[in-house]
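Coordinates in review
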Amino acid sequence: MEHSSISRSTTIRINELIYYIYFLCLFGSRAVGLYDGQKLYNAFLVLGAGFFVIKICTTRHILAEYIGSFALLFIAGLTYIFSGEKGLLIYFTMMLGMKGIAKEKVIRTGLYVLGISYFILYFLSVTGLITELNHMNKRSGYGFLMRHSLGYPYPNTAHTTFLILVILFFYLYKSDSTIKLIKASVIAMLLNLYIYVYTVSLTGLISVTIYLLVNFYLQKRTGRSKIENVLILLLFPAVVIFSIAGPLLAKGDIFSFMNKLLHKRYEYALYFLTNEKVTPFGSYFKAPPTNWYMLDNSFLYLFLQLGVISFIAVCIIYILWIKNLIDEDQRPELAVMITFCFIGMSDPFLFNLSYKNITFIFIGSWLFSEFAKKSDNLPKLLRKDFILLPIGEKELTFNTGSLAKIKSVTSKTFIKTGKSFIAYTVIFAAALFIGYAAYTGTHTEPKILYVDSKIADPYFSHSNIEMTMQDVNTALAEGNLVEGYDEEDPTMYVFKKKAPHMEYIRSALTCGVFSGLILVLLISIIGAFRKV
């Protein structure tokens, strides 16, 4: 009876609970698709900042930790004042709030929040229950198609958010055999391809692929050589140098090749490098020629937009942390770090307001462990510990009986599915094929896709017409597609053939995927409940 009581309750320190609330405010708000500029998101930022301050006040620190934390927050604060960029400041709060917090628990919290949020936004988006922020794009070898954001601010954001979801899962996934890791990686790769069908984000597709390959290699590689460790250690500084010096040094055909490979990112990077000043704490940029001029490189963004002092501080922290990862053979963290080095060259999320750079969770955990190890070597004054609000060290106990039962059923469902992987794969594939065939057999393929100005941007020279609401109803009655119509801006851009065809394929594929998922889950859940 005593064992049952313990298993159905959990104890947590108040300051630990406060960090989770802080994390939920900032990570959770991004997970549900909120973004900078929205009043609700700004409210969560303020709320999160408040809980961070409370977390610091309710946690015991030595004086050296207070001084170090204040110095980093001071640098990030000056960066915000001079550049208007809040990203580094909130990442430092993620890192500095980690004193006394188990990183695995934070990752598990993130996995639950993002896993639920991502699926709900995906479901609401593909069923048309919410309006997406979609964009038309012309892809070489195909033509025009519409990129879906799946409830997030931009298609690339949707896919890089999926990358974080995959990382959170595999960080906690403990496979006791190569076959199990291969199965999980294959499923993740198939999901990656499916998300790509909607987002058409090459950056997202490649980054998830890189992570799965690197994670598999590191997990199964026993005894890395010194050369491998040196290459891993040099990767971060090499990528940083390449990001900053590359656009300036590359000339002629080499520049053209790199610019094409990185979808004009070299061209945009060179523009900012030659038109903006290098400053200690960053600066506000001048208005670029068009909205398409963006700093999509995290490391160049850190150097140019956030300033040299912030750049040096972050680089020193990263290099020391990476060295520790190699020395301690922290393979899950190394897989994340290596992946982020590559994706950082084509996406700014490592240091902007996205709050997706979970390496700061690991860095925070490492940073305070280093303080603990070396505190004995510090002067007595710097070793003195303080806590402003001692109530933070008290513990709270919560009854988790219902959650335990849900977790038990969920775990048994996944275990049962995993043990019968081949059987469930066959069931899923059969249901997918039937669902796909049922959709194509009952729905006529649309001939035209009409989109508004926001979705069509920047293809304003494309064929367009002005439509009334009656025209919209007629188009829909004919089986065509209308996206984003607004009577105040009746201009609609007309895309035929491949663009509407892709929407038809997406809908049919999703019908098949839903059919497969529902059937597999029903069979698994029924089997799990029978064993409860």
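The structure contained in this document is the topic of the report that follows. Predicted model, so just to flag it, every value in this text is computed and none were measured. (Residues numbered from 1 in each chain as written. Predicted model: local features only at pLDDT ≥ 70, side-chain atom pairs only at ≥ 80, totals over all residues. Heavy atoms only, no water.)

1. Points about the overall build of the chain
Broken down by element type, the chain carries 22 helices and ten strands. Here the chain has a C-alpha radius of gyration of 25 Å; the compact-globule value for 532 residues is 24 Å, and the two agree. Each principal axis of the C-alpha atoms in the chain carries an extent, and together these give about 80 × 70 × 50 Å. Split into buried and exposed, the 532 residues of the chain put 49% on the buried side. (Helix = DSSP H or I, 4+ residues; strand = E, 2+ residues; numbered from the N terminus. Rg over C-alpha atoms; globule rule 2.2 N^0.38 Å. Buried < 20%, exposed > 50% of the residue type's maximum accessible area, 1.4 Å probe, protein only.)

2. Regarding the nonpolar core
Counting 110 residues, the largest nonpolar core has Phe-340, Phe-351 and Ile-358 as its most contacted members. Beyond its immediate chain neighbours, meaning those up to four positions away, Phe-340 contacts Leu-163, Ile-164, Ile-167, Phe-299, Phe-349, Leu-350, Lys-356, Asn-357, Ile-358 and Thr-359. Counting residues in each nonpolar core, the second largest holds eleven residues, with Met-146, Leu-449, Ile-455 and Ala-456 among its members. (Core = buried A, V, L, I, M, F, W, Y, C linked by side-chain atoms within 4.5 Å. Contact = heavy atoms within 4.5 Å.)

3. Quick notes on the pattern of salt bridges
Taken as a whole and judged by the stated rule, the model has 17 salt bridges. Lys-99 is the salt-bridge partner of Glu-65, the closest N and O atoms lying 2.9 Å from each other. One end of the pair, Glu-65, is in helix α4 (residues 63-83); the other, Lys-99, is in the loop between α5 (87-96) and α6 (103-126), with 34 residues separating them in the sequence. When its relative accessible area of 18% is taken as the criterion, Lys-99 is described as buried. By sharing partners, the salt bridges in this structure join Arg-13, Glu-16 and Lys-105 into a single network. (Salt bridge = Lys/Arg side-chain N within 4 Å of Asp/Glu carboxyl O.)

4. What to know about a nonpolar patch on the surface
Taken together, Ile-116, Phe-119, Ile-120, Phe-123 and Leu-129 make up a surface patch of nonpolar side chains, about 500 Å² in accessible area. Along the chain, the position of Phe-123 falls in helix α6. (Patch = residues over 30% accessible without salt bridge, like charges linked within 9 Å, V, L, I, M, F, W, Y side chains within 5 Å. Areas by Shrake-Rupley, 256 points an atom, 1.4 Å probe, with all protein chains shown as cover.)

5. A short note on the pairing of strand β4 (residues 143-147)
Extensive coverage of β4 is indicated by the burial of five of its five residues. Sheet analysis places strand β3 (residues 135-139) next to β4, joined by five bridges and oriented antiparallel. Paired with His-135 across the strands is Arg-147, a residue of β4. What sits between the antiparallel neighbours β3 and β4 is a turn of three residues, in which Gly-141 has the positive phi angle 90 degrees. (Pairing = 2+ DSSP bridges.)

6. Side note on the packing of aromatic side chains
Evaluation of the coordinates by the stated rule reveals 44 aromatic pairs. Considering the side-chain rings of Tyr-271 and Tyr-293, the 5.1 Å spacing of their centres and the 70 degrees angle between planes classify their relative orientation as edge-to-face. Of this pair, Tyr-271 sits in helix α12 (residues 265-275) while Tyr-293 sits in the loop between α12 and α13 (298-305), placing them 22 residues apart in sequence. Here Tyr-271 matches Tyr-293 in class, with each residue buried. Ring centres of Phe-272 and Phe-285 lie 5.4 Å apart, and the angle between their planes is 25 degrees; on these two criteria the pair is classed as stacked. Residue Phe-272 is found in helix α12, and its partner Phe-285 is found in the loop between α12 and α13; the two are separated by 13 residues along the sequence. (Phe/Tyr/Trp six-rings, centres within 6.5 Å; stacked < 30°, edge-to-face > 60°.)

7. Comments concerning the sheet that holds strand β7 (residues 448-451)
Overall, mixed pairing links the four strands, which are arranged β8-β10-β7-β9 in an open sheet. Looking along the sheet, the strands with just one partner apiece sit at the ends: β8 (464-466) and β9 (481-483). Between one strand axis and the next, the sheet turns through 30 degrees on average, direction left out of account. Both β7 and β9 contribute to a ladder of three bridges, which runs parallel. From the neighbouring strand, Leu-449 faces β9, where its bridge partner is Leu-481. (Axes fitted to C-alpha atoms, helices over the stretch in contact; angles between N-to-C directions.)

8. A few points about the side chain of Glu-333
In this fold, Glu-333 is placed in helix α15 (residues 331-343). The residues touching Glu-333, leaving out its near neighbours within four places in the chain, are Lys-103, Tyr-171, Trp-321, Leu-325 and Phe-362.

9. Here's the deal with the environment of Ser-369
Residue position: Ser-369 is located in helix α16 (residues 359-374). Residue Ser-369 is classed as partly exposed on the basis of its relative accessible area of 28%. Within the local environment of Ser-369, its side chain forms a polar contact with the backbone oxygen of Trp-366, the two atoms lying 2.6 Å apart. (Polar contact = N/O pair within 3.5 Å; in protein donor to acceptor, adjacent residues only side chain to side chain.)

10. Points about the environment of Phe-27
Mapped onto the secondary structure, Phe-27 falls in helix α2 (residues 14-31). For Phe-27, a relative accessible area of 4% puts it in the buried group. For Phe-27 and Met-294, which are 267 residues apart along the polypeptide, the C-alpha to C-alpha distance reads 24 Å. Excluding residues that lie within four positions of it along the chain, Phe-27 makes contacts with Gly-110, Leu-114, Ile-164, Leu-168 and Tyr-355.

11. Structural notes on helix α11 (residues 252-261)
All buried positions along α11 are accounted for by Phe-255, Met-258 and Asn-259. One side of α11 carries all its buried residues, which in axial view fall inside an arc of 100 degrees. Pointing more than 90 degrees away from the buried face of α11 are the exposed residues Asp-253, Phe-257 and Lys-260. Where the residues of α11 are buried, they touch α10 (226-249) and α12. (Arc of directions from axis to C-beta.)

12. A word on unusual backbone geometry
Cis peptide bonds are those with omega within 30 degrees of zero, and the linkage from Asp-457 to Pro-458 qualifies with 10 degrees. Mapping Pro-458 onto the fold places it in the loop between α20 (453-456) and β8.

13. Observations regarding the packing of helix α9 (residues 202-220) against α15
When two helices pack together, you describe them by how their axes are tilted relative to each other and by the distance separating the axes. Put simply, α9 and α15 touch, their axes get as near as 9 Å, and they point 150 degrees apart. Our classification of the angle between α9 and α15 gives roughly antiparallel. Crossing of α9 over α15 shows right-handed handedness. In contact with Thr-203, Ser-207, Ile-210, Tyr-211, Val-214, Asn-215, Leu-218 and Gln-219 of α9, α15 contributes Arg-331, Pro-332, Leu-334, Ala-335, Val-336, Ile-338, Thr-339, Phe-342 and Ile-343. (Parallel < 35°, antiparallel > 145°, perpendicular 65-115°, else oblique. Left-handed = near helix turned anticlockwise from the far one by under 90°.)

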